[in-house]
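Single-letter residue listing:
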Amino acid sequence: MNFIDFLKDPIMAIAEWLGNLLSTWGVSDSWSTFILYFLGAAVLGTLALLLTLIFIWAERKIIGRLQDRFGPNRVGPWGIFQSVADMVKIFIKEHIIPDGVDPVPYHLAPVIVVASVLMVLAIVPLSSTLAGSDLNVAVLFLLAVGGLGEIGIIMAGWGSNNKYALLSAFRASAQMISYEIPMAIVLLITVLLSGSMSMSDIVRAQEVPFIILLPLGALIFFIASIAENGRAPFDLAEAESELVAGFNVEYSGLKFGMFYVADFLRAFISAVIFATIFLGGWRGPGAETIPALGIIYLVIKSLFVWFLGVWIRGSLPRYRIDQMMMINWKFLTPLAILLLVLVMLTGKLVDNAGSFIQVVTMLVLNFILLAFAVWVLRRREKREKIAEIGSRSRPVARPDNILKNNMMEG
Amino acid sequence: MVSLSWYLILAAALFLIGVYGVIVRRNSIAILMGVELMLNAVNINILAFWHYHTQLNGVVNVSGMVFAAIVIIAAAAEAAVGLALIISVFRRKNSIVAAEMNVLKG
Amino acid sequence: MNVQQVIFISFALVTVFAAIMVVSLRNLFHAALWLIVALLGVASIFALLGASFFAAVQILVYIGAIAILLIFAVMLTRNIMSDETTQTNRAWGLAVILVVVIFFIIVSQISTWSGFSQPLTDLPLSGQESILALGKGFVSPNGFALPFETASVLLLAALLGGVYIAMDREKE
């Protein structure tokens, strides 16, 4: 294996060399497969956790610039060692365990939350030859692992022996369970379009990236994954001014560090999943023959999506719990179900036409649905405004009517 | 090679632990947990036989999978309604001990 | 002992231990957590059997929905059964004996069947074949379309019934 071949596909070359080494040592086939997969999982998990440091720094810098300030800039040039300093601080902090906690849920919760985030990395196809495991039900696995994260949050809330933590854990888990539904329906639409539940098949079926076939679906999935993650504007479970840091209020030191890491890592991993399902994953010019390029394309696409998430986080105010539930149950879920039914129908209608007509039909359908949804929202907003003005019986001072003489006009 | 007998013995053991839980526990929610264990044991049994038939015949045996899926659906429906009932009874009588729910009236 | 046997035995032991914990712990929240472990163990057994779809559905439906529902119900009815009163009624000795006897009866009777010790090899199914067959079976009129539709109606009835039963009447 010369150097050029090694450069084209370094990771599989190393795996092959290790496999040969193990078989020359006399290890049986199944055990050597097990050892290779175990090593791969360990390397991937550790790498993901270490990369989180870079993401935390990048997010703080970007949000700082969005808020017209610098962000961390003391520790090292441009503050790049800030995350390392934070990491060292969190490691050496004392683990304060409150009196009366339930030891098993309290100590296990950070582990489960981080595990549920890392497990998603197992199904992402990193390049044309490299994937953690080519599960034939990878899409269902994605949803199932989200469910495990909710269990971790409930355990954290219960184990803290604190009413406010419990309340926040209820809200956070209700939010996560609710937003799984539009995610599942949109994933179902992509499974429909690609004919398979396996991530590698979904990537291979994207001659035309699914974001062009399903822009509305991509929008719904993006909003739902931000809400699943618990980032702004859906971050009321850990709102600093409301519930005093939410379900992780009684955690200190490395246990809190685990929740923190899980939060930021999940943002990037949701971006990777979005890039895989909607933007074409590792596809790009020359990615079939040179697998190393595939990983680079995937990272670039997911960084772009992650930047969008950070941008939204730095710009929008927080939602209340009832507004958040209303967005999910009265907007995203019916829209997703409508989109599923219409995609099924038009998919059958244009089944025999050329691929260009199929793409254009899907695009037009999406925009029609989006226009319909916006029209319904506008009508509802107008109705609410009329109701609000009509029911006011005494003058109320607002910034736009302070200087008026007759305060009764809206 | 794992033989069919291992799966069947595991399923029998889980089922009987569930039966013990249903017979012996006083709390209604604990009884429901025993029922969930029993339903899972039955599912293991069904899927073990699905594998056996698929392996023997060479074609995928659809009825095994459909049966297991309907057991999961029925278990979900029953857990939801059962817990709703328990919470509703708890509101009236302020107790969830199964032995005390022994009047049909009110 | 090849890898599959070792994996099966470890998962089976975890599942059985978790099930015993579920039926014997006083603290209901801990029992619910052990139930989640038992459900995870059952999901891994499904994966070993080659029914990967059912492993994922088990985690998604049972753990992600039913177990969380159980935990919420445990928390809503707390403070009623304090952890000091006995959790088991008086029949527990007889129940243990009965369960062990029935276990031995079951195992001895089914071991007389000829296919009992059939070793289960990996199924030669590729990719989406089994899931496609399941999907087609659910909607084909010669297949199981009727049970499928009945199950959907059952879920609708359970949804409406659950909401109606647990509704708080005094607030109306």
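Whatever comes next refers back to the structure up there.
Keep in mind the model is a prediction, meaning the values are calculated, not measured.

S.K.: Is there a simple way to think about the pattern of salt bridges in this case?
M.R.: Oppositely charged side chains are able to pair whenever their charged atoms sit close together. All names here are of chain A. Evaluated as defined, the whole model comprises six salt bridges over all chains. Ionic pairing is found between Arg231 and Glu59, a salt bridge with its closest N-O pair at 2.8 Å. On the criterion of sequence distance, the pair formed by Arg231 in the loop between α10 (215–229) and α11 (254–278) and Glu59 in helix α3 (residues 29–66) is long-range, its members being 172 residues apart. Relative accessible area serves as the criterion here: at 6%, Arg231 is assigned to the buried category. Since its relative accessible area comes to 1%, Glu59 is described here as buried. When the shortest N-O distance is used, the salt bridge between Glu228 and Arg266 registers 3.2 Å. Of this pair, Glu228 sits in helix α10 while Arg266 sits in helix α11, and the two are 38 residues apart along the sequence. Across the pair, exposure class does not vary: Glu228 and Arg266 are buried alike. Here the salt bridges share partners, and the residues they tie into one network are Glu59, Arg231 and Arg313.

S.K.: Help me understand unusual backbone geometry in this model?
M.R.: The bulk of non-glycine residues show a negative phi, and the bulk of peptide bonds are trans. All names here are of chain A. A positive phi is found at Asp68, a non-glycine position, where the angle reads about 65°. Residue classification places Asp68 among the exposed residues on the basis of a relative accessible area of 75%. Positive phi values are uncommon outside glycine, yet Trp78 reaches one of about 60°. As for its placement among the helices and strands, Trp78 is situated in the loop between α3 and α4 (82–92). On the basis of relative accessible area, Trp78 is assigned to the exposed category, the value being 65%.

S.K.: Can you walk me through the interface of chain A and chain C in this structure?
M.R.: One frequent convention defines the size of an interface as the accessible area lost when the parts assemble. Across the boundary between the two partners, chain A contributes 24 residues, which contact 22 residues of chain C. For the chain A and chain C pair, buried surface summed over both sides reaches about 2,200 Å², with 80% attributable to carbon and sulfur atoms. The three residues of chain A that bury the most area against chain C are Asn136(A), Ile151(A) and Trp158(A), which together make up 26% of that side's buried surface. At the junction of chain A and chain C, the tally comes to zero salt bridges. On inspection of chain A and its partner chain C, the count reaches five residue pairs in polar contact (both at pLDDT 80 or more). At the level of elements, α3, α6 (138–159) and α7 (163–194) of chain A are the ones that each hand at least two residues to the side of chain A that touches chain C. Among the elements that line the side of chain A that touches chain C, the one with the most residues is α6(A), at 10 residues.

The rules behind the values
- Once a new chain begins, its residue numbering starts again from 1 and follows that chain's sequence as written.
- All chains are assigned letters beginning with A, and all ligands numbers beginning with 1, in the order in which they are written.
- Only residues with pLDDT of 70 or above have their local features reported here, since the model is predicted, and side-chain atom pairs are shown and tallied only from 80 upward, although totals for entire chains, interfaces and linings are computed over all residues.
- With hydrogens and water excluded, all non-hydrogen atoms of the structure serve as input to the side-chain values.
- Salt bridges are identified by distance alone: a Lys or Arg side-chain nitrogen within 4 Å of an Asp or Glu carboxyl oxygen.
- Each helix corresponds to a stretch of at least 4 residues labelled H or I by DSSP, and each strand to a stretch of at least 2 residues labelled E; elements are numbered beginning at the N terminus.
- Per-residue accessibility, obtained with a 1.4 Å probe over protein chains only, is compared with the maximum for each type, and a residue is labelled buried under 20%, exposed over 50%, and partly exposed between these values.
- Contacts between residues were defined by any pair of non-hydrogen atoms, one from each residue, lying within 4.5 Å.
- Buried area, as used here, totals the accessible surface that two parts lose on assembly, with accessibility defined by a 1.4 Å probe and the loss added over both.
- Here a polar contact means two N or O atoms within 3.5 Å. Within protein one must be a hydrogen donor candidate and the other an acceptor candidate, and residues neighboring in sequence count only if both atoms are side-chain atoms.

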